[in-house]
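Examining the three-dimensional arrangement
Listed below are the residues making up each chain.
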Number of protein chains: 2
Amino acid sequence: MTVYSYLTHLECSRCGHEYESEHLQTVSACCGKPLLARYDLARARREWRRSSLAGREASMWRYHEMLPAQSEAEVVSLGEGMTPLLACPRLGGALGFAGARVLVKDEGQNPTGSFKARGMSAAVSRARALGARALAAPSAGNAAAALAAYAARAGLPAFLFMPEDAQESAKVQVAALGAQLYLIKGLINDAGALVAALKEERSWFDVATLKEPYRAEGKKTMGYELAEQLGWRLPDAILYPAGGGTGMVGMWKAFEELEALGWIDGRRPRMMIVQAEGCAPLVRAFHQGDEYAAPWQDAETLAGGLRVPAAIGDFLILRAVRESGGTALAVSDAEMLEAARLLASTEGIFTGPEGAAPLAAYRKLLADGTLQPEEEVVLFNTGSGLLNLEQFPVQAPVLRPGERP
Amino acid sequence: MTVYSYLTHLECSRCGHEYESEHLQTVSACCGKPLLARYDLARARREWRRSSLAGREASMWRYHEMLPAQSEAEVVSLGEGMTPLLACPRLGGALGFAGARVLVKDEGQNPTGSFKARGMSAAVSRARALGARALAAPSAGNAAAALAAYAARAGLPAFLFMPEDAQESAKVQVAALGAQLYLIKGLINDAGALVAALKEERSWFDVATLKEPYRAEGKKTMGYELAEQLGWRLPDAILYPAGGGTGMVGMWKAFEELEALGWIDGRRPRMMIVQAEGCAPLVRAFHQGDEYAAPWQDAETLAGGLRVPAAIGDFLILRAVRESGGTALAVSDAEMLEAARLLASTEGIFTGPEGAAPLAAYRKLLADGTLQPEEEVVLFNTGSGLLNLEQFPVQAPVLRPGERP
């Protein structure tokens, strides 16, 4: 008999207390911290071969044995994942380091245009299976679009609370996808407070990041794919733009699982997180040696996905960065936009500012010697530039009929 | 020794005259019609097994034996293709035909957000390999974005000529991707005339649709994928939004090749093309029994991809529709937008108006009995709704702080 998922239980990410996984769960009752999904890795190691992946569909659910859905019927999918890992041979030269070994994992090719699709596919699958009748979240951007899409796909109503000045592409997607959108004259925390105040009486399940256990499980598949796409090894370093940081937490967990499965060895990439100069709580905490990150005051950056003053998974992110011998650094808005134009014009990969932040950081880390051009580095583009068209004003000559350029 | 590509030569699509494939070619010198790529199918049938696909990357280049690039080094790729084929179990019910067997092939998950990526990946690969030093095209939309992306990826300059009122997302992508953009105070044919007038003196290679042989080769991979994703069989009908119609021509060619390879049998889907009521030259020609389609006067539709008054491959499209026992029909702009909202809110798939046109047509064809709900139908979404945000105005309540919905 083949096992669809080796999920066994949930575990408090702080103290390790166990929770069962077949009821809707939020954060841990013991510590109020994120719950992590745990699998029977020993059994999976005996039974599950990586050769089984060869004929499977090109989505993140190819790794369903290490995902939480209990059957294929439970899965709510739009084909998310298995995004391209693109070698970028000319990028090094453009940075003054010809031959630098750099690749881009292009998450912009996911449904709804960002890596948020992975997390919502997993979270909505589980929420529906475990009895949620309506979903809600506060969001300033791409998570809202992803939740709206997966809720529609699941046949569940979704309620999204966004600041009035939230990213236009997210508002449009949410509305077009048939979710109930409320715009708030206020900030993202006002939106979060409203969801918290209403969710009990309205029977909404809150899928805000790391407030339920499964978005991180979806995002961890970025780590599985990286290993598979590189032939079951990992790069020397990963540069990741960290807002809530769930992707980083998820990938670090994926590498542990892959080693436990016997599919990779014990070597790990240096995990490097990139934030915006105007909102860098994790960078500050990393350099101060703090276990937790104090909230950032007056966060300001045009990269909406990085405008996250406090991340509930802060200690998990910082732990992964430190255990891996990685680092944390901030880049300016101008550096992100310049990097976006460089990546687009040099390699044809069109990103938003968040997705370009790792390239801006890579340039700095090459310059200061933290990274060597011989080291294989993967930059994560977390979202398509199509989500942020307003960041890229067009200047072009206009020709009258008969006029030649 | 394994063969990377079984390409042998090119052939005039009208008279069958042969041309060689290792120089840059445009249309046939004999008839001025599109050239089709031909492969050594007999040899491929002996040597190439479909089981070889299992471990390959999830892009259209998994079928490289039947694509024109002569080596992996020649390929200019951003990971295009192998897009999801999504079963849509609730869509039938929403149309009043519960249980209808309908799937959506979601081309919006390609690089640059549309199926145009496939064609440009193949065309730019070949153009660079055969010596083109600069690429040019007139375009009102997504083809421009795709050309800009693949030219950048190839390290070639690109010159795009677009009407001043062209789709914003395309203008932004072209500019951000570092191509030279010119905006024309005029229509797409003015843009085309300017490219034609300049290309000799500027040494630009013109990659306008079907004016070179390989965009159709890229697009045919939609047919290969459909067969592979369905387990080497084809659906009962395919509904495809036809502007230039290269996708339809390409898929029909793919099915012939797949049968010659022995990978599918002789059964074919009914091929059905969908156009806009305000620009339906192929629909008119189909119903009049014409071999060629007369140009449409005063074309007007909000679906930019369907605003194609004259298609150079008209006779090839009409032939495929007729040989397959298919049909051709037009839908209104309002029907497209309504279908887009229905598909988004029912199944979580956010399309532009072009990509929703097949659903609008499917509704009509179910209603008039041309299609039965038991028939398996694939609707092609050719592009993401992110390319057309302006078509989906947001109406949402705005809450003041402390206000409850």
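The following paragraphs examine the structure supplied in this document. (Residues numbered from 1 in each chain as written. Chains lettered and ligands numbered in written order. Predicted model: local features only at pLDDT ≥ 70, side-chain atom pairs only at ≥ 80, totals over all residues. Heavy atoms only, no water.)

1. Observations regarding the relation of the copies chain A and chain B
With an RMSD of 0.0 Å, the fit of chain A onto chain B corresponds to turning through 180 degrees and sliding 0.0 Å along the axis. On the angle and the small slide along the axis, the relation comes out as a two-fold axis. Interface residue correspondence from chain A to chain B reaches 100%, placing this contact among same-surface, isologous pairings. (Least-squares fit on C-alpha atoms with pLDDT ≥ 70 in both. Contact = heavy atoms within 4.5 Å.)

2. Focus: the interface of chain A and chain B
Contact with chain A, which involves 65 residues of that partner, is made by 65 residues of chain B. When the two sides are added together, the surface that chain A and chain B hide from each other amounts to roughly 5100 Å², 64% of it contributed by carbon and sulfur. Its largest share of buried area at the contact with chain B, chain A owes to R153(A), L386(A) and P405(A), together 12% of the area lost on that side. Counting across the chain A and chain B interface gives four salt bridges. (Buried area = accessible area lost by both parts, 1.4 Å probe. Salt bridge = Lys/Arg side-chain N within 4 Å of Asp/Glu carboxyl O.)

3. Remarks on the sheet that holds strand β4 (residues 85–87) of chain A
Residues and elements named next belong to chain A. An order of β4-β5-β13-β10-β11-β12 is seen for the six strands of this open sheet, with the pairing classed as mixed. Here the strands that pair on one side only, and so sit at the sheet edges, are β4 and β12 (327–331). Adjacent strand axes in the sheet meet at a mean angle of 25 degrees when their direction is disregarded. Taken together, the five bridges between strand β11 (residues 270–276) and β12 define a ladder with parallel strand orientation. Each bridged residue has a counterpart across the sheet, and for M272 the counterpart in β12 is T327. With respect to the sheet, helix α8 (residues 246–260) is in contact with β10 (237–241), β11 and β13 (377–381), its orientation differing from that of β11 by roughly 175 degrees. (Pairing = 2+ DSSP bridges. Helix = DSSP H or I, 4+ residues; strand = E, 2+ residues; numbered from the N terminus. Axes fitted to C-alpha atoms, helices over the stretch in contact; angles between N-to-C directions.)

4. Considerations on helix α10 (residues 314–323) of chain A
All names here are of chain A. For α10, a buried count of seven out of ten residues is recorded, marking the element as mostly surrounded by other parts of the structure. Among all positions in α10, only D314, F315, L316, I317, L318, A320 and V321 are buried. Against the buried residues of α10 lie α8, β11, α9 (281–288) and β12. Looking one or two residues beyond α10, the residue adopting positive phi is G325, at roughly 70 degrees. (Buried < 20%, exposed > 50% of the residue type's maximum accessible area, 1.4 Å probe, protein only.)

5. Some points on the pattern of salt bridges
Residues and elements named next belong to chain B. Within this structure, the stated rule accounts for 54 salt bridges over all chains. Across the pair R268 and E259 runs a salt bridge, and its minimum N-O distance is 2.6 Å. Accessibility expressed as a relative area gives 22% for R268, which makes it partly exposed. Note on E259: relative accessible area 32%, which makes it partly exposed.

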